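Chain by chain, the residues:
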Amino acid sequence: MTPIDEHTERFVHLRPLLFTVAYEILGSATEADDVLQDSYLRWRRVDLTAVRDTKSYLAQLVTRQALNVLRASASRREEYVGPWLPEPLLLADGDASSDVVLTESASMGMLVVLESLTPIERAVFVLREVFGFDYDEISSATGKSVDAVHQTARRARNHVQARRKRYTPVDTARTAAVTELFIIAATTGDMHGLLSLLAPDITWTTDSGGKVTALPELVMVGAERVGAILMAVFRYAKRRPQVRIETVNCNNQPALACYVDDKLEALLVFDIADDKIVNGYGIRNPDKLAALGVPRTISRTEPPLRNPRLTSN
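In this report, we go over the structure that sits alongside the text.

Let us look at the nonpolar core. Note on soluble globular proteins: their nonpolar side chains tend to be buried together. Leu-18, Phe-19, Trp-43 and Leu-114 are the most contacted members of the largest nonpolar core, which totals 53 residues. Secondary-structure elements contributing two or more residues to this core are helix H1 (6–26), helix H2 (29–43), helix H3 (54–78), helix H5 (108–114), helix H6 (119–130), helix H7 (135–142) and helix H8 (146–163). Per-element tally for this core: the top contributor is H1, with 10 residues. In this structure Leu-18 touches Phe-11, Leu-36, Leu-58, Ala-59 and Val-62, once residues within four positions along its chain are discounted. With 25 residues, the next largest nonpolar core counts Ile-183, Met-231, Phe-234 and Ala-266 among its residues.

In structure tokens:
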């Protein structure tokens, strides 16, 4: 067996953290994979004797590449047909559940809010608020002065807190319970039970990318309207024996995967606060659903060293 060289060993050791940095900046697992591939090729050309902190160095490298991709994709997202939602992330059961900061930051609701930030604001917020990097490190990663980073961090934090009123740890147990009650109500035709789970001002957003049929209204507001449409959809699905609905761990929260003849056709993700569904997201774009084929591992921290030769510095 050919031994793994030190460049590869260091990169693989930090890959879950680096992937999480890229994913939270980009909101796309596919683009995050591309960023890591490009970053790895650049990392291969680095003189390791000049690297004092591998984690900091690689995080900065990945951030710079992610910012380049985010800026380049801005025009494509503006031309996107219908609402653009972040690409969902399938996780192994229980992955990251003990890290409340990671659970919240990777949730679909938070990723939607991060879409409203500028690329620099998003990168600064993710690096500072989620991963706790120093302002000097963020300055190097973004090419901004330390003073500018301080100002950007404050502006981004205020923006997120204003948009994300539920800027508190996600209770995965309560989310799972509400999701289960939703399934029971929707599949049994219990409209009263369904409405009791929906916030009065709930917003439901569907992302089809213009590539498949979707709900007549891609953005719906109000419990009565959302409840009526969802109930109609579930009644239709119940009459089709080839339709199968499963609960999956998506962005570290329970989500509903809808299959037709074993082909994934839709993913329903809920944003829950005070035992109510305050936002619902339906991903129908087949390109985004394709990213759910492989479970991912995400992390905010560097894993324990297994190889005594492998050092962080």
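On to H1. With 21 residues, H1 extends 28 Å between its outermost C-alpha atoms, agreeing within 8% with the 30 Å of an ideal straight helix rising 1.5 Å per residue. The largest bend along H1 measures about 60° and falls at Arg-15, with the proline Pro-16 one to four residues further on. For H1, the buried fraction is high: 17 of the 21 residues fall into the buried class. A distance of 3.0 Å separates the backbone nitrogen of His-7 from a side-chain oxygen at the start of H1, and that oxygen is part of Asp-5. Gly-27, located one to two residues past H1, shows a positive phi value of around 70°.

The next point concerns the pairing of strand S1 (residues 198–207). Every regular strand shows the same layout, with side chains that alternate between the two sheet faces. Burial runs high along S1: seven of the 10 residues are buried. Bridge count between S1 and strand S6 (residues 276–283): six bridges; the pairing is parallel. Each bridged residue has a counterpart across the sheet, and for Thr-206 the counterpart in S6 is Gly-282. Two elements, S1 and strand S2 (residues 219–221), share three bridges in a ladder whose sense is antiparallel. Residue pairing for S2: Trp-204 is matched across the bridge by Met-220.

About the cut-offs
Residues numbered from 1 in each chain as written. Predicted model: local features only at pLDDT ≥ 70, side-chain atom pairs only at ≥ 80, totals over all residues. Heavy atoms only, no water. Core = buried A, V, L, I, M, F, W, Y, C linked by side-chain atoms within 4.5 Å. Buried < 20%, exposed > 50% of the residue type's maximum accessible area, 1.4 Å probe, protein only. Helix = DSSP H or I, 4+ residues; strand = E, 2+ residues; numbered from the N terminus. Contact = heavy atoms within 4.5 Å. Expected span 1.5 Å × (residues − 1). Bend = angle between axes of the 7 residues up to and from the residue. Polar contact = N/O pair within 3.5 Å; in protein donor to acceptor, adjacent residues only side chain to side chain. Pairing = 2+ DSSP bridges.

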